[in-house]
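One-letter residues, chain by chain:
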Amino acid sequence: MKPDTFTLGQNRQISIGGVTLAYLAEKYGTPLYVLDYETIVRRIRDYKDALNELCSPGQAFYAGKAFLCQAMAGLLDQHQMGLDVVSGGELYTALQAGFTPERIMFHGNVKTREEIAYALTAQVGHIVCDSMDELERIEEEAARLGCLAPVLLRITPGIEAHTHEFIRTGQFDSKFGFGLADGLADRAVERALDLEHVMLKGLHAHIGSQILEEDPFVMNTETLLRYGLDWNRSRGWWPEVLNIGGGFGIRYQPGDHPPRLTTVVSAINELLLHLTPKELPVPRIFMEPGRSIIAEAGVTLYRVLVKKSVPGGKHYLAVDGGMGDNIRPALYQAEYRAAIDGKVDRADMETVTVAGRYCETGDVLMKDITLPVAAVGDLLVVFDTGAYNYSMASNYNRVPRPAVVLVHQGQDYLWVARESYQDLIRADNPYAMTAAEHR
Ligand SMILES: *Cc1c(COP(=O)(O)O)cnc(C)c1O
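What comes next is a walk through the structure. (Residues numbered from 1 in each chain as written. Predicted model: local features only at pLDDT ≥ 70, side-chain atom pairs only at ≥ 80, totals over all residues. Heavy atoms only, no water.)

## Side note on the overall build of the chain
Part 1 of the argument: When helices and strands are counted, the chain shows 12 helices and 21 strands.
Part 2 of the argument: Relative to a compact globule of 439 residues, whose C-alpha radius of gyration would be 22 Å, the chain shows 24 Å and is just as compact.
Part 3 of the argument: The principal-axis extent of the C-alpha atoms belonging to the chain is close to 70 × 65 × 45 Å.
Part 4 of the argument: Sorting the 439 residues of the chain into buried and exposed places 56% on the buried side.
Part 5 of the argument: Put simply, of all contacts in the chain between residues at least 6 apart along the chain, 70% involve residues at least 24 apart.
Part 6 of the argument: For the chain, the computed accessible surface area is about 19300 Å², with 49% contributed by carbon and sulfur atoms.
Part 7 of the argument: Where the 42 positive side-chain charges of the chain centre and where its 56 negative ones centre are 4 Å apart. (Helix = DSSP H or I, 4+ residues; strand = E, 2+ residues; numbered from the N terminus. Rg over C-alpha atoms; globule rule 2.2 N^0.38 Å. Buried < 20%, exposed > 50% of the residue type's maximum accessible area, 1.4 Å probe, protein only. Contact = heavy atoms within 4.5 Å. Areas by Shrake-Rupley, 256 points an atom, 1.4 Å probe, with all protein chains shown as cover. Lys, Arg positive; Asp, Glu negative; His and termini not counted. Charge placed at Lys NZ, Arg CZ, Asp CG, Glu CD.)

## What to know about the packing of helix H5 (residues 113-121) against helix H6 (residues 132-145)
Part 1 of the argument: Look at H5 against H6: their axes get within 10 Å of each other, and the N-to-C directions meet at 50°. Of the possible angle classes, the one that applies to H5 and H6 is oblique. You can see that H5 and H6 cross each other, and the crossing is right-handed. Two secondary-structure elements touch here, H5 through Arg113, Ile116, Ala117, Leu120 and Thr121 and H6 through Glu134, Arg137, Ile138, Glu140, Glu141, Ala142, Arg144 and Leu145. (Axes fitted to C-alpha atoms, helices over the stretch in contact; angles between N-to-C directions. Parallel < 35°, antiparallel > 145°, perpendicular 65-115°, else oblique. Left-handed = near helix turned anticlockwise from the far one by under 90°.)

## Here's the deal with the site of the ligand
Part 1 of the argument: Neighbouring the ligand are 15 residues; Lys65, Ser209, Glu288, Arg291 and Tyr388 lie closest to it.
Part 2 of the argument: Contact distances for the ligand include 2.6 Å between an oxygen atom and a side-chain N or O atom of Lys65.
Part 3 of the argument: Taking Gly290, its main chain carries an N or O atom lying 2.9 Å from an oxygen atom of the ligand.
Part 4 of the argument: If the ligand stood free it would expose 390 Å²; the protein chains cover 94% of that surface.
Part 5 of the argument: Tallied by class, residues from the shell around the ligand come to 3 nonpolar, 7 polar and 5 charged. (Near = heavy atom within 4 Å. Polar contact = N/O pair within 3.5 Å; in protein donor to acceptor, adjacent residues only side chain to side chain. Nonpolar A, V, L, I, M, F, W, Y, C, P; charged D, E, K, R; others polar.)

## Some words on the packing of aromatic side chains
Part 1 of the argument: One pass over the structure, following the stated rule, counts 10 aromatic pairs.
Part 2 of the argument: Ring geometry for Phe67 and Trp415: centres 6.3 Å apart, planes at 20°, overall stacked. A residue pair is termed long-range when its members are at least 10 positions apart, and Phe67 in the loop between strand S5 (59-63) and helix H3 (70-78) and Trp415 in strand S21 (residues 411-416) qualify at 348 residues.
Part 3 of the argument: Note on Phe67: relative accessible area 2%, which makes it buried.
Part 4 of the argument: Consider the rings of Phe217 and Phe248, whose centres lie 4.3 Å apart with planes at 25°: the pair is stacked. (Phe/Tyr/Trp six-rings, centres within 6.5 Å; stacked < 30°, edge-to-face > 60°.)

## Looking at the sheet that holds strand S2 (residues 14-16)
The pairing of strands in a sheet comes from backbone hydrogen bonds and takes either a parallel or an antiparallel form.
Part 1 of the argument: Read from one edge of the open sheet, 3 strands run S1-S2-S3, paired in antiparallel fashion. Strands with a single pairing partner mark the edges of an open sheet, and in this sheet they are strand S1 (7-8) and strand S3 (19-20).
Part 2 of the argument: Bridge count between S1 and S2: 2 bridges; the pairing is antiparallel. In the sheet register, Leu8 faces S2, and the bridge partner there is Ile14. (Pairing = 2+ DSSP bridges.)

The structure is reproduced here in structure tokens:
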């Protein structure tokens, strides 16, 4: 809903982490991403505490794609979190920040040969393999480097989570993983067990994102566990690890009721106790939360620069950011809540559409949202933007990406500087062709 440290001060001014948003907007400019330390750390602790209750203590791996920079990697490492990366770039960011390689899990449905070699050389804890082609590529690279690749196989369990189709991943026709139903998973396990430089450590399945139910997580675990039992009977192989992915939803809107982590984890514990044969070790459960760690910790600050009413009675507030810093409304109709700083809970309200500054009709952050009557110059605060905002940001229209500031106990820390115009042209090569070559 909003960061845990959200408070309203005199003049209805919003503070987070003991710092007023008006001060941050003044100091760093807008648009601005603000993250609350307390909220992030509490969510990390929730996962740790819950997973420690399992009969075989589990481990949480934060999904870096939700939000990653070096300072975030540092925070996660300090708190002994694991980290999911999906590219050489995310891996580089984590390693440069000094993140412990053992707690890194390398993901993605397309990993290049170079990325696989990079992950193996860095000695990441696990690689999650997504296809037959990749399995062979991992074997070849591990053989070349003279090492053993610790591998989990990503299974498509055929569980349809009720979420937007773009962020659903567990159904049989997904582009991710090895299908259980079509026998591809069987072939993958068979092959992995035969490969000399692949050490098959376990199974993985991630069924989607922003899931608001508890059952799919438990069903997912049961599917993986029963699949492990099949393999134990047929070939004597047994998973050390069952990675059940991420996807815990958060409360973007008052009607959203997120699943309870403790409920899910205790149901999983029951499963583990009932289904694991006496003579075998209980598999370790890994979870990969992204959104549920970071989304609510973040808000974005925008300056209202234009008010405009158009024929048909539509009222626009236009702000100095938009789809370049938050693509989610345009990408999958994501809905956000917002406030006007200094006007929270005021009686005079209006229904407006908040438009961005980018040259697309679809650049709308919020459609027909009821807000206190805003004036040009007001600060618009959009909630729950910690996940999949900065990480999906672009330089569309050559607009520099905003800064990211962390707040904690009255202090502010610049985590990522605002991009400059120089940054925008840093990789440009204006002299690629000589004047003569233009003729
Ligand atoms: C995206 C993703 C996650 C994190 O999902 P959230 O919904 O942000 O928790 C975890 N694991 C995998 C494999 C993913 O693709």
